[in-house]
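What follows is each chain in one-letter form.
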Amino acid sequence: MVLMKRWMTFILGWLIGASAFAIEKRFPIVSEQDKGQWFALFQQRQAASLWTDG
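Residue numbers run consecutively from 1 along every chain, following the written order of its sequence. The predicted origin of the model limits local features to residues at a pLDDT of at least 70 and limits the giving and counting of side-chain atom pairs to 80 or more, whereas totals for whole chains, interfaces and linings rest on all residues. The side-chain values count all of the structure's non-hydrogen atoms but skip hydrogen atoms and water molecules.

**Quick word on the overall build of the protein**
Here is step 1 of the chain: Strands here mean DSSP runs of E at least two residues long; helices mean DSSP runs of H or I at least four residues long; both are numbered from the N terminus. Secondary structure assignment for the protein yields one helix and two strands.
Here is step 2 of the chain: Throughout, the radius of gyration refers to the C-alpha atoms, and the reference size of a globule is 2.2 Å times the residue count to the power 0.38. Taken against the 2.2 N^0.38 rule, which gives 10 Å for 54 residues, the C-alpha radius of gyration of the protein at 19 Å runs more than 25% over that of a compact globule.
Here is step 3 of the chain: Taking the 6 positively charged and 4 negatively charged side chains of the protein as two groups, their mean positions are separated by 14 Å. When charges are tallied, Lys and Arg are placed among the positive residues and Asp and Glu among the negative ones, while His and the ends of the chain are skipped. Note on charges: their place is set at NZ of Lys, CZ of Arg, CG of Asp or CD of Glu.

**Considering helix H1 (residues 2-26)**
Here is step 1 of the chain: For H1, spanning 25 residues, the distance from its first C-alpha to its last is 36 Å, which sits close to the expected 36 Å at 1.5 Å a residue.
Here is step 2 of the chain: Here H1 lies mainly on the outside; zero of its 25 residues are buried. The span expected for a helix works out to 1.5 Å for each residue beyond the first. Burial status follows relative accessibility: with a 1.4 Å probe on protein chains alone, a residue under 20% of its type maximum counts as buried, one over 50% as exposed, and anything between as partly exposed.

**Topic: a nonpolar patch on the surface**
Here is step 1 of the chain: Taken together, the side chains of Met4, Trp7, Met8, Phe10, Ile11, Trp14 and Leu15 define a hydrophobic patch exposed on the protein surface, amounting to about 810 Å² of accessible area.
Here is step 2 of the chain: With respect to the element layout, methionine 4 can be found in helix H1.
Here is step 3 of the chain: What makes methionine 4 exposed here is its relative accessible area of 56%. Patches here: salt-bridge-free residues with over 30% relative accessible area, like charges joined within 9 Å, nonpolar side chains (Val, Leu, Ile, Met, Phe, Trp, Tyr) joined within 5 Å. Computed with a 1.4 Å probe, the accessible areas rest on the Shrake-Rupley method; for each residue, only the protein chains presented here act as cover. For this document, the term salt bridge refers to a Lys or Arg side-chain nitrogen within 4 Å of an Asp or Glu carboxyl oxygen.

Structure representation (structure tokens):
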């Protein structure tokens, strides 16, 4: 029973990891290409202002 739980945990973890990898490939967090309406960190040698809340 313990071995089956470990095996199922392994399979579930692998599926979640594979899904996250596939999503990141389709929607990258950082890209060097213009994606239309996405937020640009740099554009025409101008850096965007980034604000954070403590």
